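Chain and residue survey
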Amino acid sequence: MNYRQLGSTGLEISEVGFGTWGIGKSAWLGAEDNESVRALHRAIDLGLNFIDTALAYGEGHSEKLIGQVLRERDETVYVATKVPPSNLEWPARPGLRVEEIFPGAYIKECTQTSLKNLGLETIDVQQFHVWQDEWVGEGDWLEAVDDLKKEGKIRFFGVSTNDHEPHNAIRLIETGVIDIVQVIYNVFDQGSEDKLLPLCQERGVGVIVRVPFDEGGLTGTITPDTEFEEGDFRNDYFRGERKREVYERVRRIARGLGIEEDKIPEIALRYILSHPVVSTVIPGMRSVRNVERNMAVADGKGLLTEQVQKLKEHRWVRNFYPGFRD
Ligand SMILES: NC(=O)c1ccc[n+]([C@@H]2O[C@H](COP(=O)([O-])OP(=O)(O)OC[C@H]3O[C@@H](n4cnc5c(N)ncnc54)[C@H](OP(=O)(O)O)[C@@H]3O)[C@@H](O)[C@H]2O)c1
């Protein structure tokens, strides 16, 4: 397992971390708790020491499973969680007041609930689950964050940016008050490379990369005939002709690199890890099988420059998330 610095926090974290939206069993259906717990244990066995979760993932279910596993382990494992927006709307729309979305007392209350769910005394990284840069300098959220740090309830703080909006945290990073930022960055969405990642490098801000597989699109397993359980959010994310489009694009990536399609997940992770500013990438995992495959990629070896250049041709600007209708 290769480890990297999480910005200037001093934490040395595994370059592949554990994404736990799926094991929360809210928007993603099909996870089984026993297998989720086995997957978490296996990842820690293999040297993983960074887990990303959120209070909103199954209304604390994901955090509780993590807590259950951590109680059985002696290893140091860093946990990042998130405060949901008080209106429970993702992404944050412009024009909302931060006093309403993240009031100080609410941030403290959510942190307390997450600590209880996780069975921890301190959360290593607390994040806001949405962000709007117009909130810089507004509200009492920063005082609440400072209080939580002083009380030892959180160690570091940052925000998870709105989907496909890496520009929407630039002002915040420039103010110097956050330790980390969580962004979507993958072979399709390369937007973070333009301004966000260079700025994070300059300011020593840690970078947690989410959705490395484009919610499964970049695994090579989505075909025009793929079906998801009724109620699974991917029915919406991959609706209409999107599955076919994703499938054809993934085939073009494999052809361009001269690889088999089953190598796509590895290439997708290595593309992200080839960027030196990335601290960790957090694929969503719900099985021991995927844990073993993804941990095997955390060997510190990047892609060849020519492979990275070829992958840059596959930048695909679009937004499949609910709330963005095409
Ligand atoms: N706003 C936010 O802050 C936010 C939003 C989204 C995600 N996140 C965080 O980022 C994490 C990652 O994103 P995500 O889980 O949404 O999507 P993702 O990592 O892009 O994709 C997850 C999908 O990839 C599959 N997969 C994982 N490893 C694989 C492998 N080696 N081969 C083939 N398939 C593989 C999973 O399979 P299975 O179906 O078999 O499990 C799952 O279907 C989340 O879990 C969460 O921690 C944060």
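Okay, so let's go over this structure. (Residues numbered from 1 in each chain as written. Predicted model: local features only at pLDDT ≥ 70, side-chain atom pairs only at ≥ 80, totals over all residues. Heavy atoms only, no water.)

1. A word on the site of the ligand
Of all residues adjacent to the ligand, which total 27 residues, the nearest are Asp-52, Ser-160, Glu-215, Gly-284 and Arg-286. Contact distances for the ligand include 3.4 Å between a nitrogen atom and a side-chain N or O atom of Tyr-57. Ser-160 places a side-chain nitrogen or oxygen 2.6 Å from an oxygen atom of the ligand. Computed on the free molecule, the ligand has an accessible area of 900 Å², of which 90% lies beneath the protein chains in the complex. Looking at which element gives the most residues to the shell around the ligand, the answer is helix 11 (residues 288-295), with three residues. The class makeup of the residues in the shell around the ligand is nine nonpolar, 10 polar and eight charged. (Near = heavy atom within 4 Å. Polar contact = N/O pair within 3.5 Å; in protein donor to acceptor, adjacent residues only side chain to side chain. Areas by Shrake-Rupley, 256 points an atom, 1.4 Å probe, with all protein chains shown as cover. Helix = DSSP H or I, 4+ residues; strand = E, 2+ residues; numbered from the N terminus. Nonpolar A, V, L, I, M, F, W, Y, C, P; charged D, E, K, R; others polar.)

2. Remarks on the packing of helix 9 (residues 242-257) against helix 12 (residues 305-312)
Relative to each other, helix 9 and helix 12 sit at 150 degrees, their axes nearing to 10 Å. Judged by the inter-axis angle, helix 9 sits roughly antiparallel to helix 12. The two elements helix 9 and helix 12 cross, and the hand of that crossing is right-handed. Residues Ile-253, Gly-256 and Leu-257 of helix 9 form the contact with helix 12, whose own contacting residues are Gln-307, Lys-310 and Leu-311. Partitioning the contact of helix 9 with helix 12 into residue classes produces three nonpolar, two polar and one charged. (Axes fitted to C-alpha atoms, helices over the stretch in contact; angles between N-to-C directions. Parallel < 35°, antiparallel > 145°, perpendicular 65-115°, else oblique. Left-handed = near helix turned anticlockwise from the far one by under 90°. Contact = heavy atoms within 4.5 Å.)

3. Details of the pattern of salt bridges
Going through the model one piece at a time under the given rule, you end up with 26 salt bridges. With a shortest N-O distance of 3.0 Å, Glu-35 and Arg-38 are connected by a salt bridge. Remark: Arg-38 and Glu-35 occur in helix 1 (residues 33-45); sequence separation between them is three residues, near one turn of the helix. For Glu-35, a relative accessible area of 21% translates into the label partly exposed. Among the salt bridges present, the one from Glu-75 reaches Arg-73, with a minimum N-O distance of 2.8 Å. By relative accessible area, which is 15% here, Arg-73 ends up buried. What emerges from the salt-bridge pattern is a single network uniting Lys-263, Glu-266, Arg-270 and Asp-299. (Salt bridge = Lys/Arg side-chain N within 4 Å of Asp/Glu carboxyl O. Buried < 20%, exposed > 50% of the residue type's maximum accessible area, 1.4 Å probe, protein only.)

4. Notes on the side chain of His-164
You can see His-164 is positioned in the loop between strand 7 (154-160) and helix 6 (170-175). At 2.6 Å, the side chain of His-164 and the side chain of Asp-189 are in polar contact.

5. Describing the environment of Gly-220
As for its position among the elements, Gly-220 is in the loop between strand 9 (206-210) and helix 8 (234-237). Residues Gly-220 and Glu-32, spaced 188 residues apart in sequence, show a C-alpha to C-alpha distance of 23 Å. Beyond its immediate chain neighbours, meaning those up to four positions away, Gly-220 contacts Val-250 and Ile-264.

6. Observations concerning the sheet that holds strand 4 (residues 50-52)
The sheet built from eight strands is open, its strands ordered 3-4-5-6-7-8-9-10 with parallel pairing. At either end of the open sheet lies a strand with only one pairing partner, and these are strand 3 (18-19) and strand 10 (280-281). Across two bridges, strand 3 lies against strand 4 in parallel orientation. Looking at the pairing, Gly-19 lines up with Asp-52 of strand 4. (Pairing = 2+ DSSP bridges.)

7. Focus: the pairing of strand 8 (residues 180-184)
With respect to burial, strand 8 is a largely interior element, five of its five residues being buried. Where burial is concerned, the two faces of strand 8 agree: the one with Ile-180, Gln-182 and Ile-184 and the one with Val-181 and Val-183 are both buried. By the bridge criterion, three bridges tie strand 7 to strand 8 in an arrangement that is parallel. For Ser-160, the partnering residue across the bridge sits in strand 8 and is Gln-182. For the crossover that starts at strand 7, traverses helix 6 and ends in the parallel strand 8, the hand is right-handed. In this sheet, strand 9 lies alongside strand 8 in parallel orientation, the contact comprising five bridges. Counterpart to Val-181 in the pairing with strand 9 is Val-207. Note on the crossover from strand 8 through helix 7 (residues 196-203) to strand 9: the handedness is right-handed. (Right-handed = clockwise from strand over helix to strand, strands pointing away.)

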